[in-house]
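# Geometric and topological summary
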Amino acid sequence: MDSFASRIDAIKAAHLYRKLRTLSTPQGREVVIDGQRVLLFSSNSYLGLNTNGHICREAIRAVEEFGVGSGGSRLVTGNMTPHMRLEAAVAEFKGSEAALAFTSGYTANVGVISSLCHKDTVIFSDALNHASIIDGCRLARGLTAVYAHNDMDDLLQRVRHLRPRQGFIVTDSVFSMDGDIARLPDLASIARTYGLTLVVDDAHATGVLGATGRGSLEHFGLSHDDVPVVTGTLSKAVPSEGGFVCGSSSLCDLIRNTARSFIFTTAPSPSTAATAAAGLEYIAAHPELVARLQGNVAYFVKKLGRIGMDVQGQSPIIPIMVGDEEKAAQAADALLALGVFAPCIRYPTVPKGMARLRLTVMAAHTREDLDYAAICLEKALAAV
Ligand code: PMP
């Protein structure tokens, strides 16, 4: 028992201890967290749809019609009409031939990568890819060549050196802790030239990038021929839980039959699947929400620029670099004391010495919210 406590002491001494904070209100622009009413600037609910009346009614209707819990795995007894509706909705939204739903984005990445790749394949993986991609690569048990973040020269050098008979390039489209966007047209061209398959995780791009929020392919004008494997989550702009892969029917069929994280787990509850389907359908019918989010991001980035903060603003994820772990934690506390919640992100989520505040903009924020957050951020950073 003592060794558990001493490990925790070591985590605390390194300023890397994390504790849970509890929201007692729904996810929205303003929340009550540990009893304090604050503006929320760290949610992945980019479109602010968690309390949307239409989507909530669909969720309730699904509970009334199908009950709670799915009672089995998809391939045994757990597959119900809402799961099939969800997969049709994902394929429709993402413009793919087919889609397959998972219980989370994490299990989607782990399952897809480990079932497509094996000990004789080489995976070229961006250095800043999400943990679920890293874990998928580990499970694939082949060679993973990590290339420097978004660095096409480094990737090309590794591809030319290794010349795999079968290989994959795997990348986040929007990087979750830096908010920048992968150079997908370049990646697609390298994949084509060297006969590699491009796999893109659209977790933070779905409902966010592109004129109608369809994601990174819409943003860059690419097709599913350029990016044959797209994964994602249904828990960020889409207000539910779950993950997906989309692409050709044969891709989805193969993964349905081989991905262990699809086969050996209980199907999502029917109401979760129905909520995700309703969320996708709602976003498709309301492109103005996506435009509002994109407008808020542009406004906030300009605002931060005016107070001397140089941020990229390629997506709603705005990292404010602090570096030192202790200072980043203090800055987050100072920000919270001013009424803005954006926790600090530290190792192991980001490398040591690269701690940061990670702010996220939502469509639900008002211009006043954005102004207030910018002022508070300036004060909180000055305090540390
Ligand atoms: N991919 C990326 C890029 C993510 O940021 C996340 C979650 N934060 C996931 C996958 C996993 O998605 P989920 O939360 O649905 O498991």
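Residues numbered from 1 in each chain as written. Predicted model: local features only at pLDDT ≥ 70, side-chain atom pairs only at ≥ 80, totals over all residues.

Quick look at the overall build of the protein now. When helices and strands are counted, the protein shows 15 helices and 13 strands. For the protein, the C-alpha radius of gyration of 21 Å lies close to 21 Å, the compact-globule estimate for 384 residues. Here the C-alpha coordinates of the protein stretch approximately 55 × 55 × 50 Å along the principal axes. Out of the 384 residues belonging to the protein, those deemed buried represent 48%. (Helix = DSSP H or I, 4+ residues; strand = E, 2+ residues; numbered from the N terminus. Rg over C-alpha atoms; globule rule 2.2 N^0.38 Å. Buried ≥ 20, exposed ≤ 12 C-beta atoms within 10 Å, placed from the backbone.)

As a further point, take the site of the ligand. The environment of the ligand is made up of 14 residues, and the closest members are S104, G105, Y106, S176 and T233. In terms of residue count, helix α5 (residues 105-116) provides more of the shell around the ligand than any other element does, 3 residues in total. Tallied by class, the residues present in the shell around the ligand amount to 2 nonpolar, 10 polar and 2 charged. (Near = placed C-beta within 6 Å. Nonpolar A, V, L, I, M, F, W, Y, C, P; charged D, E, K, R; others polar.)

Attention now moves to the pairing of strand β9 (residues 243-247). The side chains of a regular strand alternate, residue by residue, between the two faces of the sheet. Across the 5 residues that make up β9, a large majority, 5, are buried. The alternating pattern of β9 places G243, V245 and G247 and F244 and C246 on opposite faces, both of which are buried.

This part is about the environment of A291. Mapped onto the secondary structure, A291 falls in helix α13 (residues 287-306). What makes A291 partly exposed here is the crowd of 14 C-beta atoms within 10 Å. Spatially, the C-alpha atoms of A291 and T212 are 7.9 Å apart, while their sequence positions differ by 79 residues.

Looking now at helix α6 (residues 131-140). Residues S132, I133, G136, C137 and A140 constitute the buried set of α6. Taken down its axis, α6 places every buried residue within 140° of arc, on the same side. Residues of α6 that are buried in the fold lie against α5, β4 (122-126), β5 (143-147), β6 (167-172) and β7 (197-201). Looking one or two residues past α6, R141 carries a phi angle of roughly 65°, positive in sign. (Arc of directions from axis to C-beta. Contact = placed C-beta atoms within 7 Å.)

Backbone torsion omega between Y347 and P348 reads 10°, so that peptide bond is classified as cis. Mapped onto the fold, P348 is located in the loop between β12 (344-345) and β13 (355-360). In the Ramachandran plot, H15 falls in the positive-phi region, its phi being about 60° despite a non-glycine side chain. By the element assignment, H15 lies in the loop between α1 (2-13) and β1 (30-33). Its identity is not glycine, yet R141 carries a phi of approximately 65°, on the positive side.

An ideal rise of 1.5 Å per residue puts 16 Å on 12 residues; α1 measures up with 16 Å between its terminal C-alpha atoms. Across the 12 residues of α1, 0 count as buried, placing the element largely on the outside. A positive phi of about 60° marks H15, the residue just after α1. (Expected span 1.5 Å × (residues − 1).)

As a note on interpretation, predicted positions should not be read in detail where pLDDT is low. Across the protein, the average pLDDT comes to 96, with 100% of residues at 70 or higher. Interface predicted TM-score (ipTM) for the complex: 0.99; the corresponding pTM is 0.96. (pLDDT = per-residue confidence, 0-100.)

The next thing to look at is the packing of helix α7 (residues 152-162) against helix α8 (residues 184-194). Viewed as axis vectors pointing N to C, α7 and α8 meet at an angle of 15°, and their least axial separation amounts to 11 Å. Judged by the angle between their axes, α7 and α8 are roughly parallel. Remark: the crossing between α7 and α8 carries right-handed chirality. Between α7 and α8, the residues in contact are M152, L155, L156 and V159 and D186, I190 and Y194, respectively. Across the contact of α7 with α8, the residue classes tally to 6 nonpolar, no polar and 1 charged. (Axes fitted to C-alpha atoms, helices over the stretch in contact; angles between N-to-C directions. Parallel < 35°, antiparallel > 145°, perpendicular 65-115°, else oblique. Left-handed = near helix turned anticlockwise from the far one by under 90°.)

Attention shifts here to the sheet that holds β13. Taken together, the 3 strands give an open sheet; going across it, the order is β10-β13-β12, and neighbouring strands pair in antiparallel fashion. Two strands lie at the open edges of the sheet, namely β10 (317-323) and β12, each paired on one side alone. Bridging between β10 and β13 involves 6 bridges; their strand directions are antiparallel. Paired with P319 across the two strands is R358, which belongs to β13. Taken strand by strand, helix α14 (residues 325-337) contacts β10, β12 and β13, and its axis lies near 35° from that of β13. (Pairing = 2+ DSSP bridges.)

What follows deals with the UniProt feature "modified residue: N6-(pyridoxal phosphate)lysine" (unreviewed entry) in the protein. If you check UniProt for "modified residue: N6-(pyridoxal phosphate)lysine" (unreviewed entry), the listed places come out as K236 in our numbering. Relative to the elements of secondary structure, K236 occurs in the loop between β8 (229-233) and β9. With 25 C-beta atoms counted inside 10 Å, the residue K236 sits in the buried group. Apart from residues lying up to four places away in sequence, K236 is in contact with N44, S45, Y46, A203 and H204. (UniProt positions renumbered as here; feature names shortened; annotations may be inferred.)

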